[in-house]
Amino acid sequence: MVVPESQEKMYYPPVELQRNAHVPDFNSYLVMYKKSLENPEAFWREVADEFFWKKPATGPMLQHNFDMTKGNIFVNCMEGAKTNMCYNVLDRHVKEGKLGEKVAYYWEGNSPDHHMTITYRQLLSHVCRCANVLKQMGVKRGDRVSIYLPMIPELIVTMLACARIGAVHSIVVRKVTFNHPMPRDKGQDKVLCVYGVYRGEKLINLKQISDEALEKCREKLLLVMGLSPWNMNPKMYKSCIKSIIQDMQVSSQRDVWWDEVMRDSPDECEPEWMDAEDPLFILYTSGSTGKPKGVVHTVAGYLLYTSLTFRYVFDHHPDDVYWCTADIGWITGHSYITYGPLANGATSVLFEGLPVHPHVGRFWEIIEKYKVTKFYTAPTAIRLAEHQILGTVGEPINPEAWRWYHEVVGQGRCPVVDTFWQTETGGHVLTPLPAATPLKPGSATFPFFGVEPAILNEHGEELEGVTEGYLVFRKPWPGIMRTIYKNQELFENTYFRKFPGFYVTGDGCRRDKDGYYWITGRIDDMLNVSGHLMSTAEVEAALMLHQSVSEAAVVSRPHKVKGECLYCFVTLKDSKEFNCKLVEDLKRLVREKIGPIATPDFIQNAPALPKTRSGKIMRRILRQIARNEKDLGDLSTLADPKVVEVLFNQRSEAA
Ligand code: PRX
């Protein structure tokens, strides 16, 4: 890695920011980075010293094996240590750090009229009460608790309550409905859910969705939360309840009401002292075969890593107001709404609603309202904003949006940190540091402390200098995943089999002459739509559930807001007709089975699919047809080259 000398347009950190920054310049970054690789023991021990350990570690800070040929893959952080995540992110601040009255979250509801402030002390009290409720319901250390909640304070309360009593939380992402993998596993899940929530104008009955899931597994205890009065004004609350309650079935043995049980629950609860490597949570992520994988993160390593990345990547200071717009159901929310910010005693905004409800300037209005100083969002939201701004030419643009655009984008005094990471990595792994790293738009720049990237070719040979290939990591950092829930074999095969000795990200990557890393996208059958990964297999399986469809193939196509969108080819059974109704039905089916994010943008009739002689679908060709790229290169491996022409001819009919 070299200090950048490139002539191309670089964006240098603003001097005002450098004065007070944790890592004030590029040289400081290099010095710290070097230390983190050369002496990881000292580096991570210093990070750990800030936290509370009921028992100190007896083993080294990090041990690992990344080489399948030498035995099982493992990562072990701080063997022998005992601690509690919840204690470290709440009690420590309230009891030792005197942050009890500091705001932990400004909660902003779906409607701008609904908001509340939660201090660290209040959060701790709610968490303890909820922890006692969970215990009352029979949840014990090591049990899995599935949580199905919108972005309301109760979600954070239940996560931390689990962490407090040593239960493993598994948050059900709302992209998934009744076919989510979690309730299908016969585990010891207890399910918590809310029974209704507004997204924009739309009322979503989560209780009903959970009931469907529960019916399939029949073994669960469900805690139904009332739509919290935090969440609604009384009039809305009443009408909402009325509309849901009609078709809701409450089981007296299974369903418990949040408001009732929380009221009577004591607000003190001794934390369960966990082993450093005990699981903290499971989070499902798309697998390239279509079957989601339960990524497991553990207590101590995840605490160290999310807390450190949060502090440095957002250059956090005590008077900051930080806002991450992600959903907590995704890893971004776990690491950078709940654990990372709380570990630092930060003040965050927690937003329940949509960026465009009740108007397009909602994001910027919230930034104004809470004087947000650090804002973390997805490219898709930025593109949406740009799109809106460009799209409003010729009519007044609301002042909030304008001010934001002018001050933040226009004056260019806010560094943009493009953070590359994955559910599996637990936290940022390639990222600029705002006061230290000169930026190149589109590059995630350099590795975070303790992270050692390499670029390999297909044969597993390491490529030096300016190059492009597979992005891998040579060593673990504390926050890396430990396994796939109940499937160590899949864990090893997915991430370690291809190149022994390395963690394989599944992403392609380029390194330029200044040593900057550029992610080039997935190199497996995964799609990234609006920042959400899904597998082609997952969508194809959903399409094939339709009785008219005999075969389906899905590829990505660039999209100006979503990044990528879905382009689906469907082959129909004999005598079935391709028409608008079918297209609508198929779109609805995918929506229902996977979620709105997966709704296909294009569905094309494919009388046949391009296949190799061995019957493998040639997705490369389909991708080119979807993008209308006529230069198809070598087609000699195709069983029937005529198929391609037919598909090009039918392109215009794609709806
Ligand atoms: O392909 C990369 C892309 O998102 C994938 C990880 O998705 P997920 O596990 O859902 O986690 C998303 C939130 C961290 C990666 O394999 N990705 C993530 N960050 C970037 C990125 N692609 C380009 N640039 C990034 N900054």
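Everything quoted here is computed from the prediction, not taken from an experiment.

1. Thoughts on the overall build of the protein
Right, on to step 1. Along the protein, the regular secondary structure elements total 20 helices and 29 strands.
Right, on to step 2. When burial is assessed residue by residue, the protein has 58% of its 655 residues classed as buried.
Right, on to step 3. A fraction of 71% describes how many contacts in the protein between residues 6 or more apart in sequence connect residues 24 or more apart.

2. Focus on the site of the ligand
Right, on to step 1. As a structural note, the neighbourhood of the ligand is formed by 14 residues, with Asp418, Thr419, Thr423, Asp507 and Arg522 the closest of them.
Right, on to step 2. With respect to the ligand, the side chain of Arg522 contributes an N or O atom lying 2.8 Å from an oxygen atom.
Right, on to step 3. Bound to the protein, the ligand loses 82% of the 540 Å² it would expose on its own.
Right, on to step 4. Secondary-structure elements contributing two or more residues to the shell around the ligand are helix 12 (331-343) and strand 24 (517-522).
Right, on to step 5. A class-by-class count of the residues in the shell around the ligand yields five nonpolar, five polar and four charged.

3. Notes on the packing of helix 17 (residues 536-543) against helix 18 (residues 580-593)
Right, on to step 1. Following both chains from N to C, one finds helix 17 and helix 18 inclined at 125°, their axes separated by 9 Å at the closest point. One way to sum up the angle between helix 17 and helix 18 is to call them oblique. For helix 17 against helix 18, the interelement crossing comes out right-handed. Where helix 17 approaches helix 18, its residues Val539, Ala542 and Leu543 are matched on the opposing element by Leu586, Leu589, Val590 and Lys593.

4. Concerning the packing of aromatic side chains
Each aromatic ring pair is characterised by the separation of its centres together with the angle its planes make.
Right, on to step 1. The full count for this structure, using the stated rule, is 45 aromatic pairs.
Right, on to step 2. Pairing Tyr29 with Tyr33 gives two aromatic rings, centres 5.7 Å apart and planes at 20°, and the pair type is stacked. A residue pair is termed a helical-turn pair when its members lie 3 or 4 positions apart in one helix, as Tyr29 and Tyr33 do in helix 2 (residues 26-38) at four residues.
Right, on to step 3. Its relative accessible area of 10% is what places Tyr33 among the buried residues.
Right, on to step 4. Across from the ring centre of Tyr516, 4.5 Å away, lies the NZ or CZ of Lys440, which sits over that ring.

5. Focus: the UniProt feature "domain: AMP-dependent synthetase/ligase" (unreviewed entry) in the protein
Right, on to step 1. When the UniProt feature table is mapped onto this chain numbering, "domain: AMP-dependent synthetase/ligase" (unreviewed entry) sits at residues 100-172 and 240-484.
Right, on to step 2. The span residues 100-172 is 41% helix and 27% strand, and its two end C-alpha atoms sit 30 Å from each other.

6. With respect to the environment of Ile617
Right, on to step 1. Note on placement: Ile617 falls in the loop between strand 29 (602-605) and helix 19 (619-626).
Right, on to step 2. Note: C-alpha distance between Ile617 and Met85 (532 residues apart in sequence) is 47 Å.
Right, on to step 3. Not counting residues within four places of it along the chain, the set of residues in contact with Ile617 comprises Glu551, Ala552, Ala553, Leu609, Pro610, Lys611 and Leu622.

7. Focus on the nonpolar core
Grouped burial of nonpolar side chains is what soluble globular proteins tend to show.
Right, on to step 1. Grouped together as the largest cluster of nonpolar side chains are 117 residues, with contacts concentrated most on Met78, Leu123, Leu160 and Phe449.
Right, on to step 2. Per element, the largest residue contribution to this core is ten residues, and it comes from helix 11 (residues 299-313).
Right, on to step 3. If sequence neighbours within four positions are ignored, Leu160 has contacts with Cys86, Val89, Leu90, Leu123, Val127, Thr338, Tyr339 and Leu342.
Right, on to step 4. In this structure, Val554, Leu572, Phe578 and Ala598 belong to the second largest nonpolar core, which totals 21 residues.

8. Observations regarding the packing of helix 4 (residues 85-96) against helix 12
Right, on to step 1. Relative to each other, helix 4 and helix 12 sit at 50°, their axes nearing to 9 Å. When the axis of helix 4 is compared with that of helix 12, the two are oblique. Between helix 4 and helix 12 the crossing geometry is left-handed. Within the contact between the two elements, helix 4 uses Met85, Val89, Arg92 and His93 and helix 12 uses Tyr339, Leu342 and Ala343.
Right, on to step 2. When grouped by side-chain class, the residues that make up the contact of helix 4 with helix 12 number five nonpolar, one polar and one charged.

9. Thoughts on the UniProt feature "domain: AMP-binding enzyme C-terminal" (unreviewed entry) in the protein
Right, on to step 1. The UniProt record annotates "domain: AMP-binding enzyme C-terminal" (unreviewed entry) at residues 538-616.
Right, on to step 2. In residues 538-616, helix accounts for 25% and strand for 32%; the two terminal C-alpha atoms are 17 Å from one another.

10. Considering the pairing of strand 27 (residues 549-559)
Right, on to step 1. Both strand 27 and strand 28 (residues 563-572) contribute to a ladder of ten bridges, which runs antiparallel. What sits directly across from Arg557, in strand 28, is Cys565.

11. Remarks on the confidence of the model for the protein
Right, on to step 1. For the protein, per-residue confidence averages 84 on the pLDDT scale, and 80% of positions sit at 70 or higher.
Right, on to step 2. Here residues 217-221 is a poorly scored stretch, pLDDT under 50, and it has 17 contacts once near neighbours within four places are set aside; other chains count.
Right, on to step 3. Note on residues 390-397: pLDDT under 50 across the span, and three contacts to partners over four residues away in sequence or across chains.

12. Details of the sheet that holds strand 20 (residues 462-463)
Pairing between sheet strands relies on hydrogen bonds along the backbone, with the strands arranged either parallel or antiparallel.
Right, on to step 1. Pairing in this open sheet of five strands is antiparallel, and the strands run 20-19-21-23-24 from one edge to the other. Because the sheet does not close on itself, it has two edges, and the strands there are strand 20 and strand 24.

13. Quick look at the environment of Gln624
Right, on to step 1. Turning to its location among the elements, Gln624 is positioned in helix 19.
Right, on to step 2. In sequence terms Gln624 and Val555 are 69 residues apart; their C-alpha atoms lie 9.3 Å from each other.
Right, on to step 3. Apart from residues lying up to four places away in sequence, Gln624 is in contact with Glu629, Asp631, Leu632 and Phe648.
Right, on to step 4. A polar contact of 3.1 Å, which involves the side chain of Gln624, links it to the backbone oxygen of Asp631.

14. Digging into unusual backbone geometry
Right, on to step 1. Residue Pro358 is bonded to the preceding His357 through a cis peptide linkage, with omega at -5°.
Right, on to step 2. One can find Pro358 in the loop between strand 17 (347-351) and helix 13 (362-370).
Right, on to step 3. Of note in the backbone geometry, Asp315 takes a positive phi value of approximately 40° without being a glycine.
Right, on to step 4. Within the secondary structure layout, Asp315 lies in the loop between helix 11 and strand 16 (321-324).
Right, on to step 5. Despite not being glycine, Lys371 has its phi angle at roughly 55°, a positive value.
Right, on to step 6. The topology assignment puts Lys371 in the loop between helix 13 and strand 18 (374-376).

15. Observations concerning the sheet that holds strand 16
Right, on to step 1. The mixed open sheet is built from five strands, whose spatial order is 5-4-17-16-18. The sheet is open, and its two borders are formed by strand 5 (115-119) and strand 18, each paired with just one other strand. Direction aside, neighbouring strands of the sheet carry axes that sit 20° apart on average.
Right, on to step 2. Sheet topology places strand 4 (residues 103-108) next to strand 5; five bridges connect them, and they run antiparallel. Of the residues in strand 5, the one forming a bridge with Val103 is Thr119.
Right, on to step 3. Contacting strand 4, strand 5, strand 16, strand 17 and strand 18, helix 13 crosses the sheet at an angle of about 145° to strand 4.

16. Examining the side chain of Thr83
Right, on to step 1. Mapped onto the secondary structure, Thr83 falls in strand 3 (residues 82-83).
Right, on to step 2. Given the relative accessible area of 0%, Thr83 is considered buried.
Right, on to step 3. Within the structure, the side chain of Thr83 is placed 2.7 Å from the backbone oxygen of Phe52, a separation counted as a polar contact.
Right, on to step 4. A distance of 2.8 Å separates polar atoms of two side chains, one belonging to Thr83 and the other to Asn88.
Right, on to step 5. Discounting chain neighbours no more than four positions away, the residues touching Thr83 are Phe52, Trp53, Lys54, Asn88, Glu272, Trp273, Met274 and Val299.

About the cut-offs
Residues numbered from 1 in each chain as written. Predicted model: local features only at pLDDT ≥ 70, side-chain atom pairs only at ≥ 80, totals over all residues. Heavy atoms only, no water. Helix = DSSP H or I, 4+ residues; strand = E, 2+ residues; numbered from the N terminus. Buried < 20%, exposed > 50% of the residue type's maximum accessible area, 1.4 Å probe, protein only. Contact = heavy atoms within 4.5 Å. Near = heavy atom within 4 Å. Polar contact = N/O pair within 3.5 Å; in protein donor to acceptor, adjacent residues only side chain to side chain. Areas by Shrake-Rupley, 256 points an atom, 1.4 Å probe, with all protein chains shown as cover. Nonpolar A, V, L, I, M, F, W, Y, C, P; charged D, E, K, R; others polar. Axes fitted to C-alpha atoms, helices over the stretch in contact; angles between N-to-C directions. Parallel < 35°, antiparallel > 145°, perpendicular 65-115°, else oblique. Left-handed = near helix turned anticlockwise from the far one by under 90°. Phe/Tyr/Trp six-rings, centres within 6.5 Å; stacked < 30°, edge-to-face > 60°. Lys NZ or Arg CZ within 6 Å of the ring centre and 35° of its normal. UniProt positions renumbered as here; feature names shortened; annotations may be inferred. Core = buried A, V, L, I, M, F, W, Y, C linked by side-chain atoms within 4.5 Å. Pairing = 2+ DSSP bridges. pLDDT = per-residue confidence, 0-100.

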